[in-house]
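Results of the structural survey
Given next are the chains, with one letter for each unit.
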Amino acid sequence: MSGSPPPEGGFVRRVGLFQATAINMSQMCGIGPFVTIPLMVAAFGGPQAVIGFLAGALLALADGLVWAELGAAMPGSGGSYVYLRQAFQYRTGRLMPFLFVWTAMLFIPLIMSTGVVGFVQYLGYLAPDMGRTTGDLVGLGMILVVIILLWRGIEHIARITAVMWAVMITSVLLVIVAAATDFSADLAFTYPAHAFDLTSNHFWLGFAAGLTIGIYDYLGYNTTAYMGAEIKDPGRTLPRSIIFSIVGIMAIYLLLQIGTLGVIDWHRMTDPNDIASTSVASAVLEKTWGKGAADTVTVLILITAFASVFTGLLGGSRVPYDAARERVFFRPYAKLHPRHRFPMLGLATMGMVTAIGFLIGRHTDLATLIQLLTTVMVLVQALAQIAAVTVLRRRQPNLRRPYKMWLYPLPSLVALVGWLVIYGYADKNSPGRHPIEWSLAWLALGIVAYLLWARFEKVWPFGPKEITEEYLTAPVQDAEPAQA
């Protein structure tokens, strides 16, 4: 149900505020902070790395308000696809939503692949003799299990997600509490010389790298926006789930980051031969409560990593569904499972890309992979969606907006600057990898694919523009699904 008439037997609105927030937080927290704290420290060159998490939180909150306004006004499955379709149809037809789906089918599962890489990385703490081939097989097996679990109805998924959210909170809190029992302010707040030299190019390179890692850790605050057609009372639930999850994870991250730096000397995190550089949370538990506690919490972290991949593929698999149903993407993606009513091909495709990305990530640098993934998503999703808020306010002033962005347009401008910093510094932070060039090449390939597809479908620029403003006349979405 996306505002336009839903297909027979379409999605059912069963996900409430708690479950929606849990889905977001599970995706946001996941394995991310446990593997990126050492990366953040390396980027900044010291415990001032906490700046990266603060900057990431600010960008996530500003961008989250963009998602909140758009998601509340247009609660359909597909998230950005729906918003870009509505905003840019007047000038470029279906180009922008097609390009979004084109890029999303790459960057969403590849971001999930970093979670699988982190899973295998922490598993190495429990099985230090695990070889590379064994690790590859374990990661591929994990992806297969996730897909099997998602091959179910949403009512089962909501309950599973709530349990995984509780495990995630437990694992993070245990690391925070353990760090508090052996916390050293000297370790956490003793900075190297020139750590805050704002006139140094080194600082701003580190800041841009840290902002990239930070926003990567917060990614997931928009997961339920992809599931808008399955959210109860979306005009209220979607904005609250986004804001609540960002604020909650921000508090957790700060406690986790500062607590870790107060137990583990930051120099250890930059040593590739030290366990703290790959399994820093396990190192914290081992130093404070012993090896047995470290093993137990590592298991919980593995479950948390599993939950993040689970919820990411849950939301991401919905992206191509609406596009295909409305002839803006390949038509087979519009087919739902005959019994459980979920998009089969979208889930299967993203699962396959996740597996490929995992294998690539296992044999490359994780920080570079994060930089590449983030750069790919900036142009079509982040920047275009920020513009969509303003475009829709002008093009569709009568659109029902249950939530309007606070202090508009300030959050949009803050988000714009943050994403431009990430994109502008991408090549410098990944020397020799050329993430900007790769992102532009992928975008150009997407434009070529669109033109070929548009010619086949006989749509703009090879046919008339089809202006649809269904959300202007869509009925108010109730908390419960309407009865036939």
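About the thresholds
- Residues numbered from 1 in each chain as written.
- Predicted model: local features only at pLDDT ≥ 70, side-chain atom pairs only at ≥ 80, totals over all residues.
- Heavy atoms only, no water.
- Helix = DSSP H or I, 4+ residues; strand = E, 2+ residues; numbered from the N terminus.
- Rg over C-alpha atoms; globule rule 2.2 N^0.38 Å.
- Buried < 20%, exposed > 50% of the residue type's maximum accessible area, 1.4 Å probe, protein only.
- Contact = heavy atoms within 4.5 Å.
- Areas by Shrake-Rupley, 256 points an atom, 1.4 Å probe, with all protein chains shown as cover.
- Lys, Arg positive; Asp, Glu negative; His and termini not counted.
- Charge placed at Lys NZ, Arg CZ, Asp CG, Glu CD.
- Axes fitted to C-alpha atoms, helices over the stretch in contact; angles between N-to-C directions.
- Parallel < 35°, antiparallel > 145°, perpendicular 65-115°, else oblique.
- Left-handed = near helix turned anticlockwise from the far one by under 90°.
- Nonpolar A, V, L, I, M, F, W, Y, C, P; charged D, E, K, R; others polar.
- Core = buried A, V, L, I, M, F, W, Y, C linked by side-chain atoms within 4.5 Å.
- Phe/Tyr/Trp six-rings, centres within 6.5 Å; stacked < 30°, edge-to-face > 60°.
- Lys NZ or Arg CZ within 6 Å of the ring centre and 35° of its normal.
- Salt bridge = Lys/Arg side-chain N within 4 Å of Asp/Glu carboxyl O.
- pLDDT = per-residue confidence, 0-100.
- Bend = angle between axes of the 7 residues up to and from the residue.

1. A few points about the overall build of the protein
The secondary structure content of the protein amounts to 20 helices and zero strands. Taken over the C-alpha trace, the protein has a radius of gyration of 22 Å; the compact-globule value for 484 residues is 23 Å, and the two agree within 12%. Within the protein, the fraction of its 484 residues that count as buried is 59%. Within the protein, contacts between residues at least 6 apart in sequence are counted, and of these 83% link residues at least 24 apart. As displayed, the protein offers around 18500 Å² of accessible surface, 66% of which is attributable to carbon and sulfur atoms. For the protein, the distance from the average position of its 33 positive side-chain charges to the average position of its 28 negative side-chain charges is 11 Å.

2. Topic: the packing of helix α2 (residues 32-44) against helix α10 (residues 234-261)
Contact geometry of α2 with α10 gives a least axis separation of 11 Å together with a crossing angle of 60 degrees. Here α2 is positioned oblique relative to α10, judged by the angle of their axes. For the pair α2 and α10, the sense of crossing is right-handed. Residue-level inspection shows Pro33, Phe34, Ile37 and Val41 of α2 in contact with α10, the latter providing Tyr253, Leu256, Gln257, Thr260 and Leu261. Considering only residue class, the contact of α2 with α10 consists of seven nonpolar, two polar and no charged.

3. Focus: the nonpolar core
In terms of nonpolar packing, the biggest core is built from 160 residues, with Phe34, Phe100, Tyr122, Tyr221 and Trp419 touching the most fellow members. No other element matches the 21 residues that helix α5 (residues 95-126) contributes to this core. With residues near it in sequence (within four places) discarded, Tyr122 still touches Ile31, Phe34, Val35, Thr278, Ser279, Val280, Ala281, Ser282, Thr298, Ile301 and Leu302.

4. Remarks on unusual backbone geometry
Looking along the chain, the bond that leaves Tyr408 and enters Pro409 is cis, with omega of 5 degrees. The residue Pro409 is located in the loop between α16 (366-395) and α17 (410-424) in this model. Here the bond from Trp460 into Pro461 is cis, since omega is 10 degrees, no more than 30 degrees from zero. Mapped onto the fold, Pro461 is located in the loop between α19 (435-457) and α20 (470-473). Positive phi outside glycine occurs at Leu407, with the angle close to 55 degrees.

5. Some words on the packing of aromatic side chains
As enumerated under the stated definition, the model contains 18 aromatic pairs in all. Measuring from centroid to centroid gives 4.9 Å for Trp102 and Trp442, while their planes differ by 25 degrees, and the two rings are stacked. Of this pair, Trp102 sits in helix α5 while Trp442 sits in helix α19, and the two are 340 residues apart along the sequence. Through pairs of rings, three or more aromatic residues link up here, namely Phe98, Trp102, Phe329, Phe330, Tyr333, Trp442, Tyr450 and Trp453. One cation-aromatic arrangement involves Arg393 over Tyr408; the distance from NZ or CZ to the ring centre is 3.8 Å.

6. Section: the pattern of salt bridges
For the structure on display, the rule yields ten salt bridges. One salt bridge connects Asp295 with Lys291, and the closest N-O pair in it is separated by 2.8 Å. In this pair, Asp295 and Lys291 are both assigned in helix α13 (residues 291-316), four residues apart and thus about one turn of the helix distant. According to the relative accessible area criterion, Asp295 is partly exposed, its value standing at 24%.

7. Notes on the side chain of Thr374
Position of Thr374 among the secondary structure elements: in helix α16. Not counting residues within four places of it along the chain, the set of residues in contact with Thr374 comprises Thr212, Ile215, Trp419 and Ile422.

8. What about the side chain of Gln385?
For Gln385, the position within the fold is in helix α16. Residue Gln385 is classed as buried on the basis of its relative accessible area, which comes to 2%. Aside from chain neighbours lying at most four places away, what touches Gln385 is Val66, Trp67, Leu70, Ser80, Tyr83, Leu84 and Val380.

9. Concerning the environment of Ala104
Its location among the elements puts Ala104 in helix α5. On a C-alpha basis, the gap between Ala104 and Tyr81 in space is 9.3 Å, while along the polypeptide they are 23 residues apart. Not counting residues within four places of it along the chain, the set of residues in contact with Ala104 comprises Pro109, Val319 and Met350.

10. Here's the deal with the packing of α5 against α13
In contact at an axis separation of 9 Å, α5 and α13 are set at 165 degrees when each is read in the N-to-C sense. In terms of axis orientation, α5 runs roughly antiparallel to α13. Regarding α5 and α13, the two cross each other, and that crossing is left-handed. Split into classes, the residues belonging to the contact of α5 with α13 amount to 16 nonpolar, five polar and two charged.

11. Concerning the environment of Arg13
Residue position: Arg13 is located in the segment before α1 (17-29). Taking the C-alpha atoms as reference points, Arg13 and Pro234, separated by 221 residues in sequence, lie 9.0 Å from one another.

12. Some thoughts on the environment of Thr311
Among the structural elements, Thr311 can be located in helix α13. When its relative accessible area of 0% is taken as the criterion, Thr311 is described as buried. In the structure, Thr311 is positioned 199 residues away from Met112 in sequence and 9.5 Å away in space, judged by C-alpha atoms.

13. Some details on the confidence of the model for the protein
In the predicted model, the protein carries a mean pLDDT of 86, and the fraction of residues at 70 or more is 93%. Helix α14 (residues 319-325) is the least confidently modelled element of the protein, averaging 78 in pLDDT, while α17 averages 96, the highest of any element. Below a pLDDT of 50 lies the segment residues 1-9, which in the model reaches 29 contacts outside its immediate sequence neighbourhood of four places, other chains included. The low-confidence segment residues 479-484 (pLDDT under 50) makes seven contacts with residues lying over four places distant or belonging to another chain.

14. Focus on helix α4 (residues 80-92)
Note: α-helices contain 3.6 residues per turn, so residues at a spacing of three or four share the same orientation. The axis of α4 is deflected most strongly, by about 40 degrees, at Gln86. Summarising the contacts, the buried residues of α4 are in contact with α3 (50-73), α5, α14, α16 and α20.

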